[in-house]
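# A structural walkthrough
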Amino acid sequence: ILTTLVLASGLVLAACGSDSEKTSSTEKEKAPTAAEQKDVSNAPPKDDNGNIVFTEAGQKSDIEGGTLELLKIKDINETVDIAPLKVTMKDIKLFKMTNLDEEFKNDLSYESDAAQSIGDEFTYVQIQYDVENTEEKNIEWYALTDLVTDKGQQIDAISNDFIYTEADGDSVFLGKVKKEFVDAFIVKDEDISKLKLIFGSSMDADSYEDITPEQQVEYTF
């Protein structure tokens, strides 16, 4: 369902002539060397399963429901200790979606309170992170609870995450398990530079006693 936009790059071959008025009939013409070619396409690549992967700012593609463009990206690869959980932050991406069709807009309005006020385009932040329980005990954790932009917008992450994954289905980690999270939130300003993320506290799922209080981290694009 995704189409790839490709911009063709031209090749220019320069011919060299002799300074003399006449050239020898036995002189052989030099074969042209291959010109350097560079792919100037701004279409994002696909993985081995055919899924589109946005890796660089400026990449743009038509998708189901509209046109998606990656505005900014922050590769992180850092851990946040919320014992006994180890949260590995992967990346944060800022997307802009345009040319929305009505069916997509209606579906989105059920997933996020903020989506009810969007027009034919909107900007959103996507956050990817993995979480691993390092102990055998059962741990309850409500993941990302709030985020704040440097433009003064505070977002309730629990009620405004519009990407549903398997990790969102259960807040309990039954022993040493690992979950992959992908969260997405509509933002009012596409020119944001910083994000403050607040993660919920971890608690014993059996006794309901808090183990590690909520943690706060901040990232800059």
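Summarised in this report is the structure supplied together with it. Predicted, not measured: the structure shown is a model, and the values here were computed from it.

Looking only at helices and strands, the protein features two helices and 13 strands. Going through the 221 residues of the protein one by one, you find that 37% of them count as buried. For the protein, the exposed area adds up to about 13900 Å²; of that, 44% sits on carbon and sulfur atoms.

By way of backbone hydrogen bonds, the strands of a sheet pair with one another, either parallel or antiparallel. Overall, antiparallel pairing links the four strands, which are arranged S8-S5-S11-S12 in an open sheet. Two strands lie at the open edges of the sheet, namely strand S8 (172-173) and strand S12 (210-212), each paired on one side alone. Examined bridge by bridge, strand S11 (residues 202-204) and S12 share two bridges and lie antiparallel to one another. Bridged to Ser202 within S12 is Thr212.

A cluster of like negative charges, contributed by Glu64, Asp101, Glu103, Asp107 and Glu111, occupies part of the molecular surface. You can see Asp101 is positioned in the loop between strand S3 (85-98) and helix H1 (102-111). With a relative accessible area of 34%, Asp101 lands in the partly exposed category.

Another aspect to go through is the packing of aromatic side chains. All chains considered together, the criterion is met by ten aromatic pairs. Between Phe122 and Phe162, the ring centres sit 6.2 Å apart and the planes meet at 80°, which makes this aromatic pair edge-to-face. Here the residue Phe122 occupies a position in strand S4 (residues 122-133), and Phe162 occupies one in the loop between helix H2 (157-160) and S8, the gap between them amounting to 40 residues. Geometrically, the ring pair formed by Tyr129 and Phe181 is stacked, given 4.9 Å between the ring centres and 5° between the ring planes. Note that Tyr129 is positioned in strand S4 and Phe181 in strand S9 (residues 178-187), a separation of 52 residues in sequence. Residues Tyr129 and Phe181 agree in their burial class; the two are buried. What links up through ring pairs into an aromatic cluster is the set Phe54, Phe95, Phe122, Tyr124 and Phe162. Just above the ring of Phe173 sits the side chain of Lys179; from NZ or CZ to the centre is 4.4 Å.

Considering the arrangement of structural elements, one finds Ser112 in the loop between H1 and S4. Remark: the alpha-carbon pair of Ser112 and Ala184, spanning 72 residues in sequence, is separated by 9.6 Å. For Ser112, the residues in contact, after removing those within four places along its chain, are Ser159, Asn160, Phe162 and Ile186.

Take the nonpolar core next. Counting residues in hydrophobic clusters, the biggest one holds 30 residues, and the most contacted among them are Met89, Ile127, Tyr129, Trp141, Leu197 and Phe199. Going through the elements one at a time, strand S2 (66-82), S3, S4, strand S5 (139-141), strand S6 (144-149), S9, strand S10 (194-199) and strand S13 (215-220) are the ones with two or more residues in this core. Tallying contributions element by element places S3 first for this core, with five residues. If sequence neighbours within four positions are ignored, Phe199 has contacts with Ile82, Met89, Tyr129, Trp141, Ala143, Leu144, Thr145, Glu214, Gln215 and Val217. Grouped together as the second largest cluster of nonpolar side chains are 13 residues, Leu68, Leu108, Ile118 and Phe122 included.

Here we take up unusual backbone geometry. The omega torsion across Ala83 and Pro84 is 0°, close enough to zero to call that bond cis. Inspection of the secondary structure puts Pro84 in the loop between S2 and S3. A positive phi angle, close to 55°, is found at Asn77, a residue other than glycine. Positionally, Asn77 belongs in strand S2. Positive phi is not limited to glycine here, since Asn99 has a value of about 55°.

Calculation rules
- Residues numbered from 1 in each chain as written.
- Predicted model: local features only at pLDDT ≥ 70, side-chain atom pairs only at ≥ 80, totals over all residues.
- Heavy atoms only, no water.
- Helix = DSSP H or I, 4+ residues; strand = E, 2+ residues; numbered from the N terminus.
- Buried < 20%, exposed > 50% of the residue type's maximum accessible area, 1.4 Å probe, protein only.
- Areas by Shrake-Rupley, 256 points an atom, 1.4 Å probe, with all protein chains shown as cover.
- Pairing = 2+ DSSP bridges.
- Patch = residues over 30% accessible without salt bridge, like charges linked within 9 Å, V, L, I, M, F, W, Y side chains within 5 Å.
- Salt bridge = Lys/Arg side-chain N within 4 Å of Asp/Glu carboxyl O.
- Lys, Arg positive; Asp, Glu negative; His and termini not counted.
- Charge placed at Lys NZ, Arg CZ, Asp CG, Glu CD.
- Phe/Tyr/Trp six-rings, centres within 6.5 Å; stacked < 30°, edge-to-face > 60°.
- Lys NZ or Arg CZ within 6 Å of the ring centre and 35° of its normal.
- Contact = heavy atoms within 4.5 Å.
- Core = buried A, V, L, I, M, F, W, Y, C linked by side-chain atoms within 4.5 Å.

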